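What follows is each chain in one-letter form.
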Amino acid sequence: MMLAGLFASILFIGLILGDWLYFVRLTPDAIRYGCSVARSQDRWASSTLATLRDQFNHDGVLMLPHGVARFYPDLSQIAIRPQYRLFSIGFRTAWPVKGLIYLSPDDHTMGALCVKRIPWSSALITLIWFALVSIGSLAFVFTYAQDGGFASLQGVFLGLGLVAGAAVVLVTGVVTVVISYRLENGRLTKVYDELREALEGSDRP
């Protein structure tokens, strides 16, 4: 039984690592990989697909101060992500964000729709954790009430205390996810700003 549990743990960790390693790749098959969490619409002036191509190297890569961008002219798409260093001093969360910019040129400007994604493992583990805590708390309250736990004043206080504890755990989880996402989204936004400045020679309006 212990051997099976160890094997399952190793497999679980391996799947998460594989998911993250594939997520950070900027190959054509990996740029659309991940759970979509947000979209932002923008419009670039004085840019065409031809002028954009000249800003990238022969591999379609453009290194930015805080990230990297890769241009796919055949797909009219640019993949961006913050730079992930193995021994980075900066704090990293379990919800890294990358972006895929869909370009739609017209006569005078170019539309840029940025789809933001996080790893599937981060999304699924977060969803499962919240589901377990919520369902477990509701199941406890129901069972506690069925067993007459609220029949006495002492039981009421005990039940309310346990429910409050579960609520604190849930709120703490929500706050952690929100703060982490804002942090990672801020990093991606910085990379997006650097990309647009590099391509257009000006800051975002």
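Refer to the preceding data block for the structure.
Residues numbered from 1 in each chain as written. Predicted model: local features only at pLDDT ≥ 70, side-chain atom pairs only at ≥ 80, totals over all residues. Heavy atoms only, no water.

Draft legend 1. View of the overall build of the chain. Within the chain, the regular secondary structure consists of four helices and six strands. Walking the chain from its N terminus toward its C terminus, one meets helices and strands in the order α-β-α-β-β-β-β-β-α-α. Taking 17 Å as the expected radius of gyration for a compact globule of 205 residues, we find that the chain reaches 23 Å, considerably beyond that expectation. With respect to the three principal axes, the spread of C-alpha positions in the chain is 75 × 45 × 30 Å. Buried residues in the chain amount to 35% of all 205 residues. (Helix = DSSP H or I, 4+ residues; strand = E, 2+ residues; numbered from the N terminus. Rg over C-alpha atoms; globule rule 2.2 N^0.38 Å. Buried < 20%, exposed > 50% of the residue type's maximum accessible area, 1.4 Å probe, protein only.)

Draft legend 2. Representation of the sheet that holds strand β6 (residues 109-118). In spatial order, the strands read β1-β6-β5-β4-β3-β2; together these six strands make up an open sheet with antiparallel pairing. Looking at which strands have only one partner, the edges of the open sheet turn out to be β1 (35-45) and β2 (61-64). Taken over all neighbouring pairs, the strand axes of this sheet differ in orientation by 20° on average, direction set aside. In this structure, β2 lies alongside strand β3 (residues 67-72), joined through four bridges in antiparallel fashion. Across the sheet, M63 pairs through a bridge with V68, a residue of β3. Seen against the sheet, helix α4 (residues 153-200) touches β1, β2, β3, β4 (77-82), β5 (98-105) and β6 and runs at an angle of roughly 25° to β1. (Pairing = 2+ DSSP bridges. Axes fitted to C-alpha atoms, helices over the stretch in contact; angles between N-to-C directions. Contact = heavy atoms within 4.5 Å.)

Draft legend 3. Structural view of the packing of helix α3 (residues 120-146) against α4. One way to put it is that α3 packs onto α4 with a least axis distance of 11 Å and a crossing angle of 170°. With respect to α4, the element α3 is oriented roughly antiparallel. Contacts from T126, W129, F130, V133, S134, S137, F140, V141 and Y144 of α3 reach α4 at G155, L158, G159, L162, V163, A166, V169, L170, G173, V174 and V177. A per-class count over the contact of α3 with α4 returns 14 nonpolar, six polar and no charged. (Parallel < 35°, antiparallel > 145°, perpendicular 65-115°, else oblique. Nonpolar A, V, L, I, M, F, W, Y, C, P; charged D, E, K, R; others polar.)

Draft legend 4. Focus on the pattern of salt bridges. A complete count under the given rule lists two salt bridges for this structure. Residue R196 is joined to D42 by a salt bridge in which the shortest nitrogen-to-oxygen separation is 2.9 Å. Of this pair, R196 sits in helix α4 while D42 sits in strand β1; the two residues are 154 residues apart in sequence, bridging distant segments of the chain. A relative accessible area of 14% means that D42 is categorised as buried. The partner of R187 in a salt bridge is E184, and the shortest N-O contact between them spans 3.2 Å. Taken together, the residues span about one helical turn, with R187 and E184 both in helix α4 at a distance of three residues. Since its relative accessible area comes to 1%, E184 is described here as buried. (Salt bridge = Lys/Arg side-chain N within 4 Å of Asp/Glu carboxyl O.)

Draft legend 5. Focus on the packing of aromatic side chains. Counting across every chain of the model gives six aromatic pairs. Taken together, a centroid distance of 5.0 Å and an interplanar angle of 90° make the contact between Y144 and F150 edge-to-face. Taken together, the aromatic side chains of F140, Y144 and F150 make up a single cluster linked through ring pairs. (Phe/Tyr/Trp six-rings, centres within 6.5 Å; stacked < 30°, edge-to-face > 60°.)

Draft legend 6. Layout of α3. For α3, spanning 27 residues, the distance from its first C-alpha to its last is 38 Å, which sits close to the expected 39 Å at 1.5 Å a residue. Taken residue by residue, α3 has S121, S122, A123, T126, F130, V133, S137 and Y144 as its buried positions. Contacts from the buried residues of α3 go to α1 (2-23), β1, β6 and α4. Looking at the residues trailing α3, positive phi occurs at G148, about 80°. (Expected span 1.5 Å × (residues − 1).)

Draft legend 7. Layout of a nonpolar patch on the surface. Together, F12, I13, L17 and I125 line one region of the surface with nonpolar side chains, adding up to about 390 Å² of accessible area. When residues in the nonpolar patch are grouped by element, the largest group, three residues, is from α1. Note on placement: I13 falls in helix α1. (Patch = residues over 30% accessible without salt bridge, like charges linked within 9 Å, V, L, I, M, F, W, Y side chains within 5 Å. Areas by Shrake-Rupley, 256 points an atom, 1.4 Å probe, with all protein chains shown as cover.)

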